[in-house]
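# Per-entry structural report
Listed below are the residues making up each chain.
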Amino acid sequence: MSMTGSARMNMPRLEALEEIGKHIKYRPIEEIVPLPDAVKRVAARDIVSRLNVPDVKCSRWDGICFSWQHYLDSGRDVSSWQAEVDYIFSNTGIPVFQQAFDTMVMIEKTTFHENQLISIDQKDVVQGQQMIPVGERMAIGEIIVAKGTLITPSHLNLLATGGVIQVPVLKKPIVALLPSGNELVSCYNTPAPGQTIESNTFSMAAKVRQWGGKELLFPIARDEHAVLRSRLKEAAAKADIVVICGGSGRGRFDLLQEAASDVGELYFSSVEHGPGKRTCFSLIDGTPVFGLVGPPGGEEMTFDFYVRPALLACLGQPYRVTEVQAVLDEDIAPHHRTDFIYTIGLYRVPGEKLLHARPLPHSRLDRSIAEHNGYLFVHQKGPGHKKGETVMVELRTGHENI
Ligand SMILES: Nc1nc2c(c(=O)[nH]1)N[C@H]1C(S)=C(S)[C@@H](COP(=O)(O)OP(=O)(O)OC[C@H]3O[C@@H](n4cnc5c(N)ncnc54)[C@H](O)[C@@H]3O)O[C@H]1N2
Ligand code: MOO
């Protein structure tokens, strides 16, 4: 018997995301990290260049540099000019230290005879041409990485160029991970008959790190009200997001949802789709708490669908869903009990324009959790899909290995 009050049930995915979005606090707390550690972090403020690049005017091409005024004063006749006095040879990107030399001509546009400059063959030379001015690439005070930018390896290149070696970034949101279930045992122990190795937190922790957060691992909780309640309270006090996993099913252990509503407010107690139908969402002392199902198939998918956008929102980052057209390899019948999201292997067939979509077998603990790169949403009340049909497949994103 559930004691989950007025929490909504069967939340469609988009509505669930909307509800979650209302409760995620973007709290921009800044910390300073050394340049190499800034990758995959979010810029906490506009970051400006500390340097002019170049800091001395440079030659844009291989050629000669000279003073425009001197060129005019010579009546554009350069046949008596001396190297190092009236002009210098210059190369692409090389500084020109002579104050007065403000103009350059490409070597192809000059005539030399026995090392003596004879003529400048470009007719329409203009003052300052082909010189790279100070600060052209980057000027002191110019914004090189805007506030809120997710810093990539290429941004490190920019920041180094601008002399920024200490980078202000957002603190990593902390995601508490609470496995629960009497049958669970750590993978570092030998499981007794009937015990299940607690495996979900390994992928969850790695994903949290990959998505820019920091995991806070809790020990396996026993299926007891008091234990769950106190763990949830403790986790909510220490983390920005809490994820508790297992114990959400309808059978013996409807504990999670009860515990969540005892110590906080339960907003929804299930989603409209399987796998992971019994995904719930609550707030405990203002901290968002996700209750995910135990079987890894459902846990992996709902962690990606609901926890990832929440984590991104903590960092002020957008969550985008991309769909691609693909030709289905097999018939897919609707699920008898619920809308269902099938895991899909998208692949290319040489010579064919559209991608192909291979449904991956859905037994709960199979390898599809690691192999799929797409999702196909199938309505329970719809006709399903036929082999050869063109379907829209959602790309699985946020995973470097796919
Ligand atoms: N009468 C019904 N029974 C069930 C329904 C239903 O609608 N009516 N839904 C089924 C579905 S679908 C799912 S999913 C599960 C949800 O169950 P729980 O979330 O309560 O999960 P548990 O019962 O605790 O565990 C299920 C399974 O997963 C293993 N598990 C749990 N935590 C972990 C972990 N951290 N790492 C690895 N594996 C874990 C656990 O040992 C069990 O084998 O309910 C169905 N039943
Ligand atoms: O909701 Mo459960 O994850 O389908 O297996």
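Residues numbered from 1 in each chain as written. Chains lettered and ligands numbered in written order. Predicted model: local features only at pLDDT ≥ 70, side-chain atom pairs only at ≥ 80, totals over all residues. Heavy atoms only, no water.

How we decide: UniProt positions are given in the numbering used here, feature names are shortened, and annotations may be inferred rather than shown by experiment.
In the nomenclature of an unreviewed UniProt entry, the protein chain is known as Molybdopterin molybdenumtransferase of Sediminispirochaeta smaragdinae. Under the UniProt heading Cofactor (unreviewed entry), the entry covering the protein chain gives this text: "Mg(2+)". Per UniProt, the protein chain carries the Sequence similarities (unreviewed entry) text "Belongs to the MoeA family."

## Considering the sheet that holds strand β20 (residues 287-292)
Selection criterion: A pair of strands is treated as paired once DSSP finds two or more bridges between them. Numbering of helices and strands starts at the N terminus; helices are DSSP runs of H or I of at least 4 residues and strands are runs of E of at least 2. As a rule, the C-alpha atoms of each element are fitted with a line to give its axis, helices using only the stretch in contact, and angles between N-to-C directions run from 0 to 180 degrees. By definition, residues are in contact when any of their heavy atoms lie within 4.5 Å.
Strand order in the open sheet formed by six strands is β15-β12-β16-β20-β19-β17, with mixed pairing between adjacent strands. Looking at the sheet topology across the chains shown, the edges are occupied by β15 (214-217) and β17 (265-268). Going across the sheet, the axis of each strand differs from the next one's by a mean of 25°, ignoring polarity. The pairing of strand β12 (residues 174-179) with strand β16 (residues 241-245) spans five bridges and is classified as parallel. Paired with Ala-176 across the two strands is Val-242, which belongs to β16. Contacting β17, β19 (280-284) and β20, helix α1 (residues 13-23) runs over the sheet at an angle of about 145° to β17. Strands β12, β16 and β20 of the sheet are contacted by helix α7 (residues 296-314), whose axis makes an angle of about 170° with β20.

## Some details on helix α4 (residues 200-210)
Where we set the bar: Type-normalised accessible area, obtained with a 1.4 Å probe on protein chains alone, sets the label of each residue: buried when under 20%, exposed when over 50%, and partly exposed for intermediate values.
Within α4 the residues assigned to the buried category are Asn-200, Thr-201, Ser-203, Met-204, Ala-205, Lys-207 and Val-208. Where α4 is buried, its residues touch β12, β15, β16 and α7. One or two steps after α4, the chain reaches Gly-212, where phi turns positive at roughly 100°.

## A word on the pairing of strand β21 (residues 323-328)
Inspection of the sheet shows β21 paired to strand β25 (residues 390-395) by five bridges, in the antiparallel sense. Within β25, the position partnered with Glu-323 by the bridge is Glu-394. One ladder, built from three bridges, connects β21 with strand β23 (residues 355-359); its direction is parallel. Bridge assignment links Ala-326 to a residue of β23, and that residue is Leu-355.

## Observations regarding the pattern of salt bridges
Counted only if it meets this: For this analysis, a salt bridge means a side-chain nitrogen from Lys or Arg found within 4 Å of a carboxyl oxygen belonging to Asp or Glu.
Applying the stated criterion to the full structure yields 17 salt bridges. The salt bridge involving Glu-15 is made with Arg-8; its shortest N-O contact spans 3.0 Å. On the basis of relative accessibility, which here comes to 39%, the residue Arg-8 falls in the partly exposed class. Measuring nitrogen to oxygen at the nearest pair gives 3.1 Å for the salt bridge that ties Arg-209 to Glu-215.

## Some thoughts on the domain arrangement of the protein chain
Definition in use: Domain delimitation follows an automatic or database domain assignment.
Parsing the protein chain into structural domains produces domain 1 (4-29 + 171-314), domain 2 (31-53 + 136-170), domain 3 (58-132) and domain 4 (323-401). Computed from C-alpha atoms alone, the centre-to-centre distance between domain 1 and domain 3 is 69 Å.

## Brief notes about the side chain of Ser-203
The test is simple: Whenever two N or O atoms come within 3.5 Å, that pair is a polar contact, provided that in protein one can donate a hydrogen and the other can accept it, and provided that, for residues adjacent in sequence, both atoms are side-chain atoms.
Structurally, the position occupied by Ser-203 is in helix α4. Exposure remark for Ser-203: the relative accessible area of 19% places this residue in the buried category. In terms of polar contacts, Ser-203 uses its side chain to reach the side chain of Glu-300, at 2.8 Å.

## Examining the state of the cysteines
For clarity, the threshold we go by: The rule for a disulfide is simple: a pair of cysteine sulfur atoms within 2.5 Å.
Evaluated as defined, the whole model comprises zero disulfides. Between Cys-58, a cysteine without a disulfide, and Cys-65, which holds the nearest cysteine sulfur, the sulfur-to-sulfur distance is 9.5 Å. Look at Cys-58 and you get buried, because its relative accessible area is 5%. Free of any disulfide, Cys-280 has its nearest neighbouring cysteine sulfur in Cys-245, separated by 11 Å.

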